[in-house]
Amino acid sequence: MRLFLTICALFLAPLVLLFAPAIILLSSVGEFYAPETVGKLAREGHAIVVGNAYSNVRSGYQLQETLLRKPLVIALGTSRVGGFRSAFFTDPNIFYNDTGTGGVLSNFRYFLEKLKHPPRIIIAGMDPYFFNPEEAKNSVVVRPDPFLKRVSWYEPFFSSLFTGGGWWRIYRDYATGKFTLKNVFGPRVGGPTLVGLRAVADSNGFLNDGSNYFGDVIHDKRNQEKVRAGILALAERISQTYGDEYGSGISPEALAEVRRFLDTAKKNNSEVIGFLPPLSHAVYERLQAFPEASYAYAFHNLGRVLTEVYREYGYDFYDFSDIESFGGSDREMVESKHGSEKIYLRLFIQMAHMNKPLGALVDIPSLTHKLMKTKSDFEVFTLL
């Protein structure tokens, strides 16, 4: 028996040496926190930034939070609705940002069908790629319902360590300088609670209200320069034949799925405010430079077509593709396709001016004053 145990110990020793440091590091930064633990922290009032490096259970987590919080207003869409903050509202508790839950158009409808207390207002981001016929053929329009299964408490552990490859990627990321041991084990004085390796290393992740936070850009001028370089690089790629997210037309299958989403919202007595998310101005100008391109019809007409679809249901739709049309600039972008909190406050104020149900929940003069007063290119409601 002793020999058997000795052999087992010798056999397992390399595995222990391989996995133990990764488990200790990931556990120390909260990478394995269960969704219920993260949700409790988020509702306690103290600011948090949640940024897991090797797992993604965010959409399931946000559905659970939405069911629990019963917000009157939600933002629904890809990460490009992540700039809407609860601080935009007179009562911050009425809003929750479900960014990342709408990666494909069918997810909008699936998500609403799970809510026992439908929101009064839905701010829905309609990314241009949803309507690209070439993308639609690759199942962008309809996929299986991702919200059928509840996120279990153990999933972040297995997802991060094994599915996401955290057991080996953490060594690579440490070796390439993406984080330091000081990030993980060093003292933290003040500021938000950081959960997950991305949050600890870069202050990058999502906040109490579900919205996105790009701390790595907001607080690092080198990363700001990288963002501007990325915007210019994307603009240079635009050509007569390449329109980035825009394709050879506007997918009728995608428009049909939008109508199914709006049908669901109408049955729930929810007001939907749709919008095309902002593009960097350099990319927007470059797209305009090719009026005869294969994607030109979609680029110039998608906003109008979606406005007509939304109008069929009595809903508002806004085209915020051109950030200069509402006072924004590329200096306020945190990524080539993501606007900062400041850009989203600019377009949110326009929404609130035009949409009476939304405007009734917002102090527009106060928001306008805060926007004019801020000196940051990115933040209006400072977190750090």
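Please read these numbers as outputs of a predicted model, since none were measured by experiment.

Residues Phe 84 and Phe 131 are the most contacted members of the largest nonpolar core, which totals 105 residues. With sequence-adjacent residues up to four places away left out, Phe 84 is seen in contact with Ala 75, Phe 95, Asn 97, Ile 123, Asp 209, Ser 211, Phe 275, Tyr 344, Leu 347, Phe 348 and Met 351. Within the second largest apolar cluster, eight residues are counted, among which are Val 38, Ile 48, Tyr 96 and Val 195.

So, about the packing of helix α4 (residues 105–114) against helix α12 (residues 252–267). The relative placement of two packed helices is expressed as an angle between their axes plus a distance between the axes. Where α4 meets α12, the axes come as close as 8 Å, and the angle between the chain directions of the two elements is 15°. Here α4 is positioned roughly parallel relative to α12, judged by the angle of their axes. As for the relative orientation of α4 and α12, their crossing is left-handed in sense. In contact with Leu 105, Ser 106, Phe 108, Arg 109, Leu 112 and Glu 113 of α4, α12 contributes Ala 254, Glu 257, Val 258, Arg 260, Phe 261, Thr 264 and Ala 265.

The first and last C-alpha atoms of α12 sit 23 Å apart over 16 residues, in line with the 22 Å expected at 1.5 Å per residue. What α12 keeps buried is the set Ala 254, Leu 255, Glu 257, Val 258, Phe 261, Leu 262, Thr 264 and Ala 265. Among the structural elements, β2 (73–77), α4, β4 (121–125), β8 (271–276) and α14 (296–312) are those in contact with the buried residues of α12. Just downstream of α12 lies Asn 269, where phi reads positive at about 60°.

A cluster of nonpolar side chains, contributed by Ile 24, Tyr 174, Leu 181 and Phe 185, occupies part of the molecular surface with about 410 Å² of accessible area. Checked against the element boundaries, Phe 185 lands in helix α8 (residues 181–185). Here Phe 185 falls in the partly exposed class, since its relative accessible area comes to 48%.

Attention now moves to unusual backbone geometry. Phi angles above zero are rare outside glycine, and Lys 70 is one such case at about 55°. Residue position: Lys 70 is located in the loop between α3 (58–69) and β2. Positive phi, close to 60°, is recorded for Asn 269, a residue that is not glycine. Structurally, Asn 269 can be placed in the loop between α12 and β8.

Turning our eyes to something else, we now look at the pairing of β8. Burial within β8 is extensive, with six of its six residues counted as buried. Here β8 shows no split at all, with Glu 271, Ile 273 and Phe 275 on one side and Val 272, Gly 274 and Leu 276 on the other all buried. Two elements, β4 and β8, share five bridges in a ladder whose sense is parallel. Directly across from Ile 121, in β8, lies its bridge partner Glu 271. Both β8 and strand β9 (residues 316–319) contribute to a ladder of four bridges, which runs parallel. Each residue of the ladder has a partner; that of Gly 274, found in β9, is Phe 317.

The next point concerns the sheet that holds β2. Across the sheet, five strands lie side by side as β3-β2-β4-β8-β9; this open sheet has parallel pairing. With one partner strand each, in any of the chains shown, β3 (95–99) and β9 form the two edges of the open sheet. For this sheet, the mean angle separating the axes of adjacent strands, direction not counted, is 15°. Direction of pairing for β2 relative to β4: parallel, over a ladder of four bridges.

The rules behind these values
- Residues numbered from 1 in each chain as written.
- Predicted model: local features only at pLDDT ≥ 70, side-chain atom pairs only at ≥ 80, totals over all residues.
- Heavy atoms only, no water.
- Core = buried A, V, L, I, M, F, W, Y, C linked by side-chain atoms within 4.5 Å.
- Buried < 20%, exposed > 50% of the residue type's maximum accessible area, 1.4 Å probe, protein only.
- Contact = heavy atoms within 4.5 Å.
- Axes fitted to C-alpha atoms, helices over the stretch in contact; angles between N-to-C directions.
- Helix = DSSP H or I, 4+ residues; strand = E, 2+ residues; numbered from the N terminus.
- Parallel < 35°, antiparallel > 145°, perpendicular 65-115°, else oblique.
- Left-handed = near helix turned anticlockwise from the far one by under 90°.
- Expected span 1.5 Å × (residues − 1).
- Patch = residues over 30% accessible without salt bridge, like charges linked within 9 Å, V, L, I, M, F, W, Y side chains within 5 Å.
- Areas by Shrake-Rupley, 256 points an atom, 1.4 Å probe, with all protein chains shown as cover.
- Salt bridge = Lys/Arg side-chain N within 4 Å of Asp/Glu carboxyl O.
- Pairing = 2+ DSSP bridges.

Shape is all these values report; function is a separate question.
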